[in-house]
Amino acid sequence: QVQLVESGGGLVQAGGSLRLSCAASGRTFSSYAMGWFRQAPGKEREFVSAITWNGGSTNYADSVKGRFTISRDNAKNTVYLQMNSLKPEDTAVYYCAADSSYVGVGVKPDYWGQGTQVTVSS
């Protein structure tokens, strides 16, 4: 069993930056692919970014490419999402996710965090 807890969400002005953190439980964290999804009001949950178990490969949705950066620190059992140049369209609840194999578009992760609200004002 893996438990994920997000933090770092909040209110920020357009053009600003925010860093989300996701703390994972267990000693098997390093074996999981990790990622982030988001869900805006009235919208379906969408893929944002993912990183492989060893941090060797990352992937981003086109909407955030060049602005967001995903990273992980296996020693701390933590994955991060650095969000720069934030836009009002980025407003959503952001969810951390973990999977034993792969995280990406069209894949249902094995585990989800509770979500953290990110609000970008215009």
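Residues numbered from 1 in each chain as written. Predicted model: local features only at pLDDT ≥ 70, side-chain atom pairs only at ≥ 80, totals over all residues. Heavy atoms only, no water.

### Observations concerning the pattern of salt bridges
For the record, the criterion: The rule for a salt bridge is simple: a side-chain nitrogen of Lys or Arg has to be within 4 Å of a carboxyl oxygen of Asp or Glu. Per the convention used, a helix needs a DSSP run of H or I reaching at least four residues, while a strand needs a run of E reaching at least two, with both numbered from the N terminus. Only protein chains enter the calculation, and the probe is 1.4 Å; a residue is then buried if its accessible area is under 20% of its type maximum, exposed if over 50%, and partly exposed in between.
Taken as a whole and judged by the stated rule, the model has 4 salt bridges. One salt bridge in this structure joins Arg 67 and Asp 90, with 2.8 Å as the shortest N-O distance. Separated by 23 residues along the polypeptide, Arg 67 in the loop between β6 (58-60) and β7 (68-73) and Asp 90 in the loop between β8 (78-83) and β9 (92-99) bring together distant segments of the chain. The class of Arg 67 is buried, set by a relative accessible area of 11%. A network of salt bridges, in which partner residues are shared, links Arg 38, Glu 46, Arg 67 and Asp 90.

### Things to note about the sheet that holds strand β1 (residues 4-7)
Quick note on the threshold: In short, DSSP must find at least two bridges between two strands for them to pair. A fitted line through C-alpha atoms represents every axis, and for helices the fit uses only the stretch in contact; the resulting angles, taken between N-to-C directions, go from 0 to 180 degrees.
The antiparallel open sheet is built from 4 strands, whose spatial order is β1-β3-β8-β7. Each edge of the open sheet is held by one strand with a lone partner, namely β1 and β7. Here the average twist between neighbouring strands, direction ignored, is 15°. Where β1 meets strand β3 (residues 18-24), 4 bridges bridge the pair, whose relative direction is antiparallel.

### Digging into the packing of aromatic side chains
Each pair of aromatic rings is reported with the distance of its centres and the angle of its planes. Let me state the cut-off plainly: Only rings of Phe, Tyr and Trp enter the pairing, Trp through its six-membered ring, and a pair is recorded when the two centres are within 6.5 Å. The plane angle decides the type: under 30 degrees is stacked, over 60 is edge-to-face, the rest tilted. Two thresholds decide whether a charge sits over a ring: the Lys NZ or Arg CZ must be within 6 Å of the ring centre and within 35 degrees of the ring normal.
Scanning the entire structure with this criterion turns up 4 aromatic pairs. Between the aromatic rings of Tyr 32 and Tyr 111, the centroid separation amounts to 6.0 Å while the plane-to-plane angle is 70°, which identifies the pairing as edge-to-face. You can see Tyr 32 sitting in the loop between β3 and β4 (33-39) and its partner Tyr 111 sitting in strand β10 (residues 111-112), a full 79 residues away along the chain. When its relative accessible area of 24% is taken as the criterion, Tyr 111 is described as partly exposed. Here a set of aromatic residues connected by ring pairs shows up, and it is made of Phe 37, Phe 47, Tyr 95 and Trp 112. Stacked on the ring of Tyr 95, the Lys or Arg Arg 45 has its end atom at 3.7 Å from the ring centre. The ring of Trp 112 has Arg 45 lying over it, and the distance from NZ or CZ to the ring centre is 4.7 Å.

### Thoughts on the state of the cysteines
Note the cut-off: By definition, disulfides here are pairs of cysteine sulfur atoms that lie within 2.5 Å.
For the structure on display, the rule yields 1 disulfide. One disulfide bridge connects Cys 22 with Cys 96, the sulfur atoms lying 2.1 Å from each other. Every disulfide takes its handedness from the sign of the S-S torsion; for Cys 22 and Cys 96 that torsion is -85°, giving left-handed. Taken together, the positions of Cys 22 in strand β3 and Cys 96 in strand β9 put the pair 74 residues apart, joining distant regions of the chain. On the accessibility criterion, Cys 96 (0% relative accessible area) is buried.

### Regarding the environment of Val 105
If you trace the backbone, Val 105 turns up in the loop between β9 and β10. Separated by 68 residues in the primary sequence, Val 105 and Phe 37 have C-alpha atoms spaced 9.5 Å apart.

### A few points about the nonpolar core
Going by this rule: In plain words, nonpolar cores are sets of buried Ala, Val, Leu, Ile, Met, Phe, Trp, Tyr and Cys residues tied together by side-chain atoms within 4.5 Å.
Met 34, Trp 36, Leu 81, Met 83 and Tyr 94 are the most contacted members of the largest nonpolar core, which has 34 residues in total. No other element matches β9, which puts 5 residues into this core.

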